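# Coordinate inspection notes
Residues per chain, in single letters:
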Amino acid sequence: MNILRINCSPRGRASESYRLSQRLVDRLARAAGVPEPRITEVDATALPHVDDDYAAALSARVDPDGDTLGRGALRQSTELIESLRNASHIIIATPMHNFTVPSSLKVWIDHVVRVRSTFEITPQGKVGTLADRPVYVAISSGGEFSGEAARQSDFLTPYLGYLLGTIGLHDVNFFSVQGTARGAEALEAARARAEAQIAAHVFTGFARKEPALA
Ligand SMILES: Cc1cc2nc3c(=O)[nH]c(=O)nc-3n(C[C@H](O)[C@H](O)[C@H](O)COP(=O)(O)O)c2cc1C
């Protein structure tokens, strides 16, 4: 078991999404019988935006892993993709910002969703090259974005599901603490709902044969 966790909140380890992701780590580890799983942490808030070399390499019809491998965002991208390929389980801890993913997560996405690396363009469309493996998304939001209490659109979960599918990750599972801005009592209730969601989930990834890593 080798968990890759992408932390996207500006509040770091004090964040609600990180807290929820830790519950997922604990449950995954317990269910797999691995008391201390290996966790590779990525602080998405510290990632630089993609740069001109990266953009040029991706738009050129050449393999960007050539002699430009060692430079700037290309190197960063290669390392981030490598950590994805090496992971048995992926956890994304993220707040909802403006109805969708925060800019930090978008930066990580721009680094790892890379043509001729994590996806290929085919006559049928974009096809992912990563071996499928479980992804758990721990979301925190100030208001509700699903269920009867929702008063806002959710561009986060459909976007992330579609995007991860593009690179070959189809086993995407969403968990959320919604309504963190509604006071302490509402927060406790939201956390309890998330706990119930986790308790009801069957964590199957560990039971399968470790995926053949792409
Ligand atoms: C820039 C920004 C945009 C936000 N946009 C939304 C939003 O669209 N919908 C929502 O429900 N909450 C929104 N929030 C509130 C956060 O989602 C909420 O505070 C969440 O619990 C933060 O999670 P964290 O502790 O993991 O960072 C926004 C917060 C910030 C800072």
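Residues numbered from 1 in each chain as written. Predicted model: local features only at pLDDT ≥ 70, side-chain atom pairs only at ≥ 80, totals over all residues. Heavy atoms only, no water.

### With respect to the overall build of the chain
Tallying secondary structure elements over the chain gives six helices and seven strands in all. Starting at the N terminus and walking to the C terminus, you meet the elements of the chain as β-α-β-α-α-β-α-β-β-β-α-β-α. Scaling as 2.2 N^0.38, a compact globule of 214 residues should have a C-alpha radius of gyration of about 17 Å, and the chain matches this with 18 Å. C-alpha atoms of the chain, sized along the principal axes, occupy 55 × 40 × 35 Å. Burial analysis of the chain (214 residues in total) assigns 47% to the buried set. In the chain, the share of contacts with a sequence separation of at least 24, taken over all contacts with a separation of at least 6, comes to 79%. With an accessible surface of roughly 10500 Å², the chain has 53% of that area assigned to carbon and sulfur atoms. (Helix = DSSP H or I, 4+ residues; strand = E, 2+ residues; numbered from the N terminus. Rg over C-alpha atoms; globule rule 2.2 N^0.38 Å. Buried < 20%, exposed > 50% of the residue type's maximum accessible area, 1.4 Å probe, protein only. Contact = heavy atoms within 4.5 Å. Areas by Shrake-Rupley, 256 points an atom, 1.4 Å probe, with all protein chains shown as cover.)

### Considerations on the site of the ligand
In the neighbourhood of the ligand, 16 residues make up the surrounding shell, with S9, R11, S17, S140 and T180 lying closest. The separation between an oxygen atom of the ligand and a polar side-chain atom of R11 is 2.6 Å. T180 places a side-chain nitrogen or oxygen 2.7 Å from an oxygen atom of the ligand. For the ligand, whose accessible area on its own is 640 Å², the fraction buried by protein is 71%. (Near = heavy atom within 4 Å. Polar contact = N/O pair within 3.5 Å; in protein donor to acceptor, adjacent residues only side chain to side chain.)

### Remarks on the environment of R85
Summarising the element assignment, R85 is placed in helix α3 (residues 72–86). For R85, a relative accessible area of 16% puts it in the buried group. Residues R85 and R133 lie 48 residues apart in sequence; the distance between their C-alpha atoms is 9.7 Å.

### Concerning unusual backbone geometry
Of note, the phi angle at F99 is positive, near 70°, even though the residue is not glycine. Tracing the backbone through its elements, the reader meets F99 in the loop between β3 (89–95) and α4 (103–112). You can call F99 partly exposed: its relative accessible area is 40%. In this structure, R116 is a non-glycine residue whose phi angle is positive, near 60°. Topologically, R116 is positioned in the loop between α4 and β4 (119–122). Classification of R116 by relative accessible area gives partly exposed; the value is 22%.

### Here's the deal with helix α2 (residues 52–59)
Given 3.6 residues to a turn, an α-helix orients residues that are three or four positions apart in the same direction. Turning to α2, its buried residues are Y54, A57 and L58. The buried side chains of α2 occupy one side of the element, clustering within an arc of 95° when seen end-on. Residues of α2 that are exposed and point more than 90 degrees away from the buried face comprise D52 and S59. For α2, the elements touching its buried residues are α3 and α4. (Arc of directions from axis to C-beta.)

### Points about the nonpolar core
I6, L84, I90, I92, W108 and L160 are the most contacted members of the largest nonpolar core, which totals 39 residues. Those residues in contact with I92 that sit more than four places away from it in its chain are I6, C8, L105, W108, V135, Y136, V137, A138 and L164. (Core = buried A, V, L, I, M, F, W, Y, C linked by side-chain atoms within 4.5 Å.)

### Overview of the pattern of salt bridges
Enumeration over the complete set of coordinates arrives at nine salt bridges. Notably, a salt bridge pairs E79 with R75, separated by 3.6 Å at the nearest N-O pair. Highlighted residues: E79 and R75, both in helix α3, separated by four residues, approximately one helical turn. Residue class for E79 comes out partly exposed when judged on its relative accessible area of 44%. Among the charged side chains, a network of salt bridges with common partners joins R5, R13 and E41. (Salt bridge = Lys/Arg side-chain N within 4 Å of Asp/Glu carboxyl O.)

### Section: the side chain of S176
Within the secondary structure layout, S176 lies in strand β7 (residues 172–178). Taking relative accessible area as the criterion, S176 reaches 14% and is therefore assigned buried. Of note is the side chain of S176, whose polar atom sits 2.9 Å from the side chain of Q178. The residues contacting S176, other than those within four sequence positions of it, are L20, I139, F145, A190, A194 and Q197.

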